[in-house]
Amino acid sequence: MRLSEFFLPVLRETPNEAQIASHRFMLRAGMIRQSSAGIYSWLPLGYRVLKKIEAIVRDEQNRAGAHEVLMPTIQPAELWRESGRYDDYGKEMLRIKDRHGREMLYGPTNEEQITEIFRAAAKSYRDVPKLLYHIQWKFRDEVRPRFGIMRGREFLMKDCYSFDLDFESSKRAYNKMFVAYLKTFERMGLKAIPMAADTGPIGGDLSHEFIILADTGESEVFCHRDLMQMAVPQGVDYRADLQPIVDEWTSVYAAADEMHDPATCPVAEADLVSQRGIEVGHIFHFGSKYSKPMGLSVTGPDGVDTDVIMGSYGVGVSRLVGGIIEASHDDDGIIWPDSVAPFHVGIVNLKAGDADCDSMCADLEQKFRNAGLDVLVDDTGERAGAKFATMDLIGLPWQVVVGPRGLKDGQVEVKRRSEGERMALTPNAALDRVVSGTMLDPATTGLFPG
RNA sequence: CGGGGCGUAGCGCAGUCUGGUAGCGCACCGGUUUUGGGAACCGGUGGUCGUUGGUUCGAAUCCAAUCGCCCCGACCA
């Protein structure tokens, strides 16, 4: 991709409304633009990241055995009357009327919708267990949207729903999602802490929040230091018993500040870690909360009808874009993890128009692309300083600087964004260094061909 | 929903107190010299000062209403 042909409206100065790092950098790097309070447009750079995060979330859901559907953003009020939430949900729900005066709403979540779909299809105990998810825009009319994309009113969420015959089976679904979440966040370069949580308005009695650690996070979490070291399981067989993994992760103390009481905390002070974090996922087991009022039951092997046991499992996909930036940036800009970087490498042509520089850049671009990397070539006429500043701002993991000075000695320069120093290498060595140093994620490579 | 703040050019701001018809930096356009960490100079383009109403000979400035946005708190993926 050539920068001269791309749409990357970077801002040199920070818009007045942006207070936190992720919001500032997302605006400055031309990733998003605000439409109204808590509602944003995604520009090409931001959209690439959003799509890559979505792809990783999707991949882990699929691995865990969930099946993707796509439900509408607009739902009929009757559905929500069935569950009793039409009145309970309050002003956060955006209610609208269609031309016939029929009451509709812009979905803040989809329990009712999925329950309706499933109850129409599932009649027998043989129809469960099932896991269905979708990745769809939600709208919650927050009183106070803030922090840019982190707490918008419109946001992209992955929500998965489980359907089981009994608690034991439902617990297995819960465990699948628990483990899938550990893996999802790790793939994005994040340290996520699962924490026992209040069940909130969705209700139920088994619930965990997943908090990613970031110094600028909005809530404080306390946990045993062992949790920081704990390794995310690799090569998980989702058909196997996952209870030991969940037990391992939940046996260690972790609590949000409202749940944490220093007086009763079982962890010795020396072992207690206090960190700021951002909630990016939440899983609930809620039993028959929706199936019972909405009449979702199946006939058991004994011929007796029984309420289907459900759970729901959310990931804030758009919030993760901000969350990753909060967890990974410096004064100059964003530092993307390889898996979600909008481009893996940025080639800076210091003298666009110079035949040698141009052809070296074109050659490198082609070779990087052949290796499966996404490449952005700055072929604009900007001055060197401005190009470097832009590259640092948009945070591509690698920068390759091609200039007449280096080319004279047959060299280009390679900079790892996270480390900062530049090293002079031959073009082939640079290629090697970058390609071998990039962890390509199977779910996000090739997502943006060309 | 309680408390606070702000709306003046694409972005950052001054001007408002004390009314006299809008300015600075960056960006943008043209030119010259430059060119390896956000160049310098010269010359330009761009704003019904959020909106509506009022006071006044005259309103960015005073008054009223209204809309929008941000921050702190309570609430949330």
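Not measured: the values here are computed from a predicted model.

### What about the overall build of chain A?
Turning to step 1, where the next piece is worked out: The helix and strand inventory of chain A stands at 14 helices and 23 strands.
Turning to step 2, where the next piece is worked out: Against the globule reference of 22 Å for 450 residues, chain A gives a C-alpha radius of gyration of 24 Å, in line with a compact fold.
Turning to step 3, where the next piece is worked out: Counting only C-alpha atoms, chain A reaches 80 × 60 × 45 Å along its principal axes.
Turning to step 4, where the next piece is worked out: Evaluated residue by residue, chain A yields a buried proportion of 55% over its 450 residues.
Turning to step 5, where the next piece is worked out: Here the contacts in chain A between residues at least 6 apart in sequence split such that 72% fall between residues at least 24 apart.
Turning to step 6, where the next piece is worked out: For chain A, the exposed surface amounts to about 19600 Å²; the carbon and sulfur share of it is 48%.
Turning to step 7, where the next piece is worked out: The average position of the 52 basic charges and that of the 67 acidic charges among the side chains of chain A differ by 4 Å.

### Quick notes on the domain arrangement of chain A
Turning to step 1, where the next piece is worked out: Taken domain by domain, chain A consists of domain 1 (21–333) and domain 2 (343–437).
Turning to step 2, where the next piece is worked out: Inter-centroid distance (C-alpha atoms) of domain 1 to domain 2 is 39 Å.
Turning to step 3, where the next piece is worked out: In this assembly, nine residues from domain 1 lie in contact with seven residues from domain 2.
Turning to step 4, where the next piece is worked out: Summing both sides of the interface, domain 1 and domain 2 together bury roughly 740 Å²; the carbon and sulfur share of this comes to 55%.

### Regarding the sheet that holds strand S6 (residues 103–106)
Turning to step 1, where the next piece is worked out: Strands sit in the order S4-S6-S5 across an open sheet of three strands; the sheet is antiparallel. At either end of the open sheet lies a strand with only one pairing partner, and these are strand S4 (74–76) and strand S5 (94–97). The average undirected angle you get between the axes of adjacent strands in this sheet is 35 degrees.

### Points about the sheet that holds strand S21 (residues 398–402)
Turning to step 1, where the next piece is worked out: The sheet built from five strands is open, its strands ordered S20-S19-S21-S22-S23 with mixed pairing. Across the chains shown, the open sheet's two edge strands, defined by having one partner strand only, are strand S20 (375–378) and strand S23 (422–425). In this sheet, neighbouring strand axes are inclined to one another by 20 degrees on average, regardless of whether the strands run parallel or antiparallel.
Turning to step 2, where the next piece is worked out: With five bridges connecting them, strand S19 (residues 345–349) and S21 associate as parallel partners. If you follow glycine 346 over to S21, its bridge partner there is glutamine 399.

### As for the packing of aromatic side chains
Turning to step 1, where the next piece is worked out: Under the defined criterion, the tally for this structure stands at 10 aromatic pairs.
Turning to step 2, where the next piece is worked out: Centroid distance tyrosine 181 to phenylalanine 185: 5.9 Å. Interplanar angle 70 degrees. Geometry classified as edge-to-face. Separated by four residues within a single helix, tyrosine 181 and phenylalanine 185 lie in helix H6 (residues 167–187), roughly one turn from each other.
Turning to step 3, where the next piece is worked out: Taking the relative accessible area as the measure of exposure, phenylalanine 185 reaches 0% and is therefore buried.
Turning to step 4, where the next piece is worked out: Arranged with centres 6.1 Å apart and planes meeting at 45 degrees, the rings of phenylalanine 185 and phenylalanine 210 form a pair that is tilted. Taken together, the residues span a long stretch of sequence, with phenylalanine 185 in helix H6 and phenylalanine 210 in strand S10 (residues 206–213) at a distance of 25 residues. Like phenylalanine 210, phenylalanine 185 is buried.
Turning to step 5, where the next piece is worked out: If you follow arginine 48 out to its NZ or CZ, it ends over the ring of phenylalanine 343, 3.9 Å from the centre.
Turning to step 6, where the next piece is worked out: It is arginine 422 that lies over the ring of phenylalanine 388; its NZ or CZ is 4.3 Å from the centre.

### Structural notes on the packing of helix H11 (residues 355–370) against helix H14 (residues 427–437)
Turning to step 1, where the next piece is worked out: The contact between H11 and H14 brings their axes to 11 Å, and the two run at 35 degrees. As H11 runs across H14, the sense of the crossing is right-handed. Contact residues: H11 offers Met360, Leu364, Lys367 and Phe368, while H14 offers Pro427, Asn428, Leu431, Val434 and Val435.
Turning to step 2, where the next piece is worked out: Its residues assigned to classes, the contact of H11 with H14 shows seven nonpolar, one polar and one charged.

The rules we used
Residues numbered from 1 in each chain as written. Chains lettered and ligands numbered in written order. Predicted model: local features only at pLDDT ≥ 70, side-chain atom pairs only at ≥ 80, totals over all residues. Heavy atoms only, no water. Helix = DSSP H or I, 4+ residues; strand = E, 2+ residues; numbered from the N terminus. Rg over C-alpha atoms; globule rule 2.2 N^0.38 Å. Buried < 20%, exposed > 50% of the residue type's maximum accessible area, 1.4 Å probe, protein only. Contact = heavy atoms within 4.5 Å. Areas by Shrake-Rupley, 256 points an atom, 1.4 Å probe, with all protein chains shown as cover. Lys, Arg positive; Asp, Glu negative; His and termini not counted. Charge placed at Lys NZ, Arg CZ, Asp CG, Glu CD. Domains from an automatic or database assignment. Buried area = accessible area lost by both parts, 1.4 Å probe. Pairing = 2+ DSSP bridges. Axes fitted to C-alpha atoms, helices over the stretch in contact; angles between N-to-C directions. Phe/Tyr/Trp six-rings, centres within 6.5 Å; stacked < 30°, edge-to-face > 60°. Lys NZ or Arg CZ within 6 Å of the ring centre and 35° of its normal. Left-handed = near helix turned anticlockwise from the far one by under 90°. Nonpolar A, V, L, I, M, F, W, Y, C, P; charged D, E, K, R; others polar.

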